[in-house]
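Here is what each chain is made of, one letter per residue.
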Amino acid sequence: MSADSPQIYVADLAAYVAGRLRGVWIDATQDPEDIHLEIKSMLADEDTGGNVRREEYAIHDYEGFGPVTLGEYEDIATVAGIARGIAEHGPAFAAWVTTRDRINLEDDLDSFQDAYLGTFDSVKDYAETLADDMGWYAAMADAGISESYLDVAAFARDLELGGDITTVECDGSLHIFDPRL
């Protein structure tokens, strides 16, 4: 497991309440069932031959989730889905998750690909790229109009204020999404 791979530290709450630290770092990109097996293994009591006597656990730490905040009792399937999305799509996926209440793992992995517009240095850079992709600069050149006629900064502001885009700054990158998708 790489240092950047999403992982969670799951603690045995019975041990924690008794003043002992007992837990395990788990690769969160696994299937939820495999994560639950690792948790069950951690909770197994050596004094009873490996039988699970404790059932309470909590997520006490996590790494590799970027700006995503996980709760102590976060649903393991949700954690695994977010982790797999981050592993597959990188920090942009983590940024996108912060724009949502919580993700529906089956639907939202596809929605991310539709909603993600790219990573840019600024909204103005995105607006320039969009204007170029839409053929505005070419049309202006064909009509003999100077590119300076287009107020890209105002266009960028209108995209943001009009709700056409959502931006999330994360680790020095600006991720841009279509909030309607």
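To be clear, the structure that these remarks concern was listed above.
Throughout what follows, the structure given in this document is the object of discussion. Counting starts from 1 at the beginning of each chain's written sequence and moves along it residue by residue. At least 70 in pLDDT is required for a residue's local features to be given in this predicted model, at least 80 for side-chain atom pairs to be given and counted, and no such filter applies to totals for whole chains, interfaces and linings, which use all residues. To obtain the side-chain values, all non-hydrogen atoms of the structure were included, while hydrogens and water were left out.

1. A few points about a nonpolar patch on the surface
In this analysis, a patch consists of residues with relative accessible area above 30% that form no salt bridge, clustered at 9 Å for like charges and at 5 Å for the nonpolar side chains Val, Leu, Ile, Met, Phe, Trp and Tyr. With residues, only the protein chains shown are counted as cover, and all accessible areas are computed by Shrake-Rupley using a 1.4 Å probe. Think of a salt bridge as a Lys or Arg side-chain nitrogen and an Asp or Glu carboxyl oxygen that are within 4 Å of each other. A cluster of nonpolar side chains, Y16, V17 and L21, forms an exposed patch at the surface whose accessible area comes to about 400 Å². For the purposes of this entry, the term helix denotes a DSSP run of H or I that reaches at least four residues, the term strand denotes a run of E that reaches at least two, and both are numbered from the N terminus. With respect to the helices, strands and loops of the structure, V17 is situated in helix α1 (residues 13–17). Accessibility expressed as a relative area gives 72% for V17, which makes it exposed. Note on exposure labels: buried denotes an accessible area under 20% of the residue type's maximum, exposed denotes more than 50%, and partly exposed covers the range between, all computed with a 1.4 Å probe on protein chains only.

2. Some thoughts on the packing of helix α2 (residues 32–43) against helix α3 (residues 76–89)
To obtain each axis, a line is fitted to C-alpha atoms, and for helices this fit is confined to the stretch in contact; angles are then taken between N-to-C directions over 0 to 180 degrees. Contact pair α2 / α3: the axes reach a minimum separation of 9 Å and the direction vectors enclose 120°. When the axis of α2 is compared with that of α3, the two are oblique. Taken as a pair, α2 and α3 cross one another with a handedness that is right-handed. Across from P32, I35, H36 and I39 in α2, the residues of α3 making contact are I76, A77, A80 and R84. Residues are grouped as follows: Ala, Val, Leu, Ile, Met, Phe, Trp, Tyr, Cys and Pro are nonpolar; Asp, Glu, Lys and Arg are charged; all remaining types, including Gly, are polar. Within the contact of α2 with α3, the residues separate by chemical class into six nonpolar, one polar and one charged. Any angle that falls under 35 degrees is termed roughly parallel, while one over 145 is termed roughly antiparallel, one within 65 to 115 roughly perpendicular, and all others oblique. Note on convention: near helix rotated counterclockwise from far helix by under a right angle means a left-handed crossing. Clockwise means right-handed. Here, two residues are considered to be in contact whenever any of their heavy atoms come within 4.5 Å of each other.

3. Let's talk about the pattern of salt bridges
Taken as a whole and assessed by the stated rule, the structure comprises four salt bridges. When the shortest N-O distance is used, the salt bridge between R22 and D12 registers 2.8 Å. Highlighted residues: R22 in the loop between α1 and β2 (23–27) and D12 in strand β1 (residues 7–12), separated in sequence by ten residues. For D12, a relative accessible area of 0% gives the class buried. R180 serves as the salt-bridge partner of D178, at 2.9 Å between the closest nitrogen and oxygen. The exposure class of R180 is exposed, given its relative accessible area of 57%. The structure contains a network of salt bridges with shared partners spanning D164, D178 and R180.

Limitation: the analysis is restricted to geometry and does not speak to function.
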